[in-house]
Amino acid sequence: MQNSEVSRRTWSAGSERSEPDSYRKVVEKHLRPARNQNTFRARVNMLIPDILKNSCECLGTIEPKHLHSPLTPQQIHESLLKTAIWPDSRNTPVFDIPKPGESVCLVVSDQTRQTGVDAILPIMVEEMTKNGCRMRDMFILFASGIHRHPTIEEQTSIIGPRMMKEFQERIFLHNPDSDLTMVGTTKRGNEVKINRRAVEADRLILFGSVIYHYHAGYGGGRKSLVPGLAGRDTIAHNHGLSLGSGENYFHPMAAAGILNKNPVAEEMLESARMCEPDAIINTVLDRKRNIIGVFSGDLDMTHRSACSLVDKTYKVNISRQADIVIASASSAPNWIQSHKALYNAHRAVKPDGKIILIAPCPEGLGDERFRHWIKSGDAKIIREKLKGS
């Protein structure tokens with residue numbers, strides 16, 4: 001904001017009075033979605049201009065809590081060894097599940113997620129080989145859903161140079177339009193198609209990270225399979241459950257921090273259980289992308305345990321909503337990923353308030369098919385078209 005007069009009108013809502021009770025309220029909100037450092041790196045220092053400080057009340061900065069120190073490699077190893085979560089309370093580390101001679105599908109997230117898998121995958125591989133499993137029987141499958149495929153550089157950044165070298169020709173990229181296997185139909189009528197390699201593997205292990213997700217409740221867990229390894233139609237049907245009816249553009253329970261009675265999350269879990277993984281390993285990261293929690297074991301129980309740490313770390317209660325919220329998605333690669341910051345920001349702003357979103361989006365929209373919906377121009381029309389598609 002270089003023009004102070006423009007800034008004053010924008011932030012003061014046209015008010016010429018100077019009494020404190022007429023001042024606009026401002027929240028400076030720092031949101032930095034994770035982004036692969038090798039492909040795009042940016043950080044915005046969002047300092048409130050003096051013109052705003054002099055005419056506005058700043059309610060503060062919404063930031064995560066600093067409750068846990070980053071885990072050391074030894075602590076990560078010990079967590080995988082001693083704290084696996086299973087329904088029968090058995091104490092079986094996840095790397096003891098694959099047996100010699102069995103094929104093992106190791107599912108990792110793509111470039112749109114930061115998971116810390118580069119610190120965990122080498123431990124898993126080392127322990128599995130100690131147990132007699134052969135490297136040639138293991139392969140990596142990137143769960144990219146309908147996102148673009150990660151580049152070689154991004155793959156290397158995600159799993160680490162050593163694992164790239166170890167797996168060489170045994171790294172595969174999910175295609176939502178081919179090489180799928182039908183595994184069942186949900187109670188909501190969704191035909192669930194999953195990547196064939198994942199379905200046919202003797203053992204299936206999912207790696208991911210947990211953070212709030214605007215309509216699935218939380219990332220990680222079930223999402224590594226649906227949408228991560230699902231067919232395009234399966235994904236579309238599932239995501240369509242987030243749409244509401246009447247005056248509600250979105251289903252009220254399809255929201256961040258909600259799993260139970262969330263139709264999107266419930267169907268993701270139902271679908272994932274049709275191709276039940278043998279184990280999952282989910283991390284929780286701090287804002288600097290350090291691992292502060294490692295959870296392994298059962299698909300649902302493990303995921304919910306990680307979600308609990310996310311709540312303790314990232315859930316922030318606010319006393320009131322603001323007139324203006326400044327949010328940053330400066331490291332998000334595209335609009336599809338950056339609008340998650342917009343979703344978070346809108347929860348802190350008044351219904352008639354304003355949001356300033358900093359989102360360079362170096363990759364544009366992220367999917368050109370999104371342009372079709374933007375051009376519709378009316379939220380109700382977009383909703384009805386999506387529900388009918």
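Source: prediction; values computed, not measured.

(A) Fine view of the overall build of the chain. Check the secondary structure of the chain and you find 13 helices and 14 strands. Per-residue burial for the chain yields a buried fraction of 48% across its 389 residues. Of the contacts formed within the chain by residues at least 6 apart in sequence, a portion of 74% connects residues at least 24 apart. Looking at the chain as shown, the accessible area adds up to about 18900 Å², and 50% of this sits on carbon and sulfur atoms.

(B) Structural context of the pairing of strand β14 (residues 349-358). Two strands pair when backbone bridges link them, and strand β13 (residues 322-328) and β14 are joined in this way by 6 bridges, in the parallel orientation. Across the sheet, residue valine 325 finds its bridge partner in β14, namely isoleucine 355. Taking the sense of rotation as the criterion, the β-α-β connection linking β13, helix α11 (residues 335-346) and β14 turns out right-handed.

(C) Up close: the confidence of the model for the chain. Across the chain, the average pLDDT comes to 85, with 83% of residues at 70 or higher. In the predicted structure, residues 1-44 sits below a pLDDT of 50 and forms 119 contacts with residues beyond four places in sequence or in another chain.

(D) Examining the environment of lysine 82 more closely. Its location among the elements puts lysine 82 in helix α3 (residues 73-82). Looking at lysine 82, the relative accessible area reads 55%, which means it is exposed. Expressed as a C-alpha distance, the spacing of lysine 82 and proline 93, which sit 11 residues apart in the sequence, is 6.7 Å.

(E) Inspection of helix α4 (residues 117-130) at higher detail. For α4, built from 14 residues, the straight-helix expectation of 20 Å at 1.5 Å per residue is met to within 8% by its first-to-last C-alpha distance of 20 Å. Here α4 has its buried residues at Val117, Ile120, Leu121, Pro122, Ile123, Met124, Val125, Glu127 and Met128. Among the residues trailing α4, glycine 132 stands out with phi positive, at a value near 100 degrees.

(F) Spatial organisation of the packing of helix α8 (residues 232-240) against helix α9 (residues 263-272). Contact geometry for α8 and α9: axes closest at 8 Å, N-to-C directions at 145 degrees. For the pair α8 and α9, contact is made by His237, Asn238 and His239 and by Val264, Glu267 and Met268, respectively. Its residues assigned to classes, the contact of α8 with α9 shows 2 nonpolar, 3 polar and 1 charged.

(G) Region of interest: the packing of aromatic side chains. Applying the stated criterion across every chain yields a total of 3 aromatic pairs. Taking the centre distance of 5.3 Å and the plane angle of 35 degrees together, the rings of tyrosine 212 and tyrosine 218 count as tilted. Classification of tyrosine 212 as partly exposed rests on a relative accessible area of 23%. Between tyrosine 214 and tyrosine 343, the aromatic rings sit 5.9 Å apart at their centres with planes inclined by 55 degrees, giving tilted as the arrangement. With tyrosine 214 in the loop between β9 (212-213) and β10 (217-218) and tyrosine 343 in helix α11, the pair connects residues that are 129 residues apart, well separated along the chain.

(H) Molecular detail of unusual backbone geometry. Proline 227 follows valine 226 through a cis peptide bond whose omega is 20 degrees. Mapped onto the fold, proline 227 is located in the loop between β10 and α8. You will see that aspartate 179, though not glycine, has its phi angle at about 60 degrees, which is positive. Within the secondary structure, aspartate 179 sits in the loop between β5 (171-173) and β6 (180-185). Here aspartate 179 falls in the partly exposed class, since its relative accessible area comes to 35%. Of note in this structure, arginine 289 is not a glycine but carries a positive phi near 75 degrees. Within the secondary structure layout, arginine 289 lies in the loop between β11 (279-285) and β12 (291-297).

Procedures and definitions
Residues numbered from 1 in each chain as written. Predicted model: local features only at pLDDT ≥ 70, side-chain atom pairs only at ≥ 80, totals over all residues. Heavy atoms only, no water. Helix = DSSP H or I, 4+ residues; strand = E, 2+ residues; numbered from the N terminus. Buried < 20%, exposed > 50% of the residue type's maximum accessible area, 1.4 Å probe, protein only. Contact = heavy atoms within 4.5 Å. Areas by Shrake-Rupley, 256 points an atom, 1.4 Å probe, with all protein chains shown as cover. Pairing = 2+ DSSP bridges. Right-handed = clockwise from strand over helix to strand, strands pointing away. pLDDT = per-residue confidence, 0-100. Expected span 1.5 Å × (residues − 1). Axes fitted to C-alpha atoms, helices over the stretch in contact; angles between N-to-C directions. Nonpolar A, V, L, I, M, F, W, Y, C, P; charged D, E, K, R; others polar. Phe/Tyr/Trp six-rings, centres within 6.5 Å; stacked < 30°, edge-to-face > 60°.

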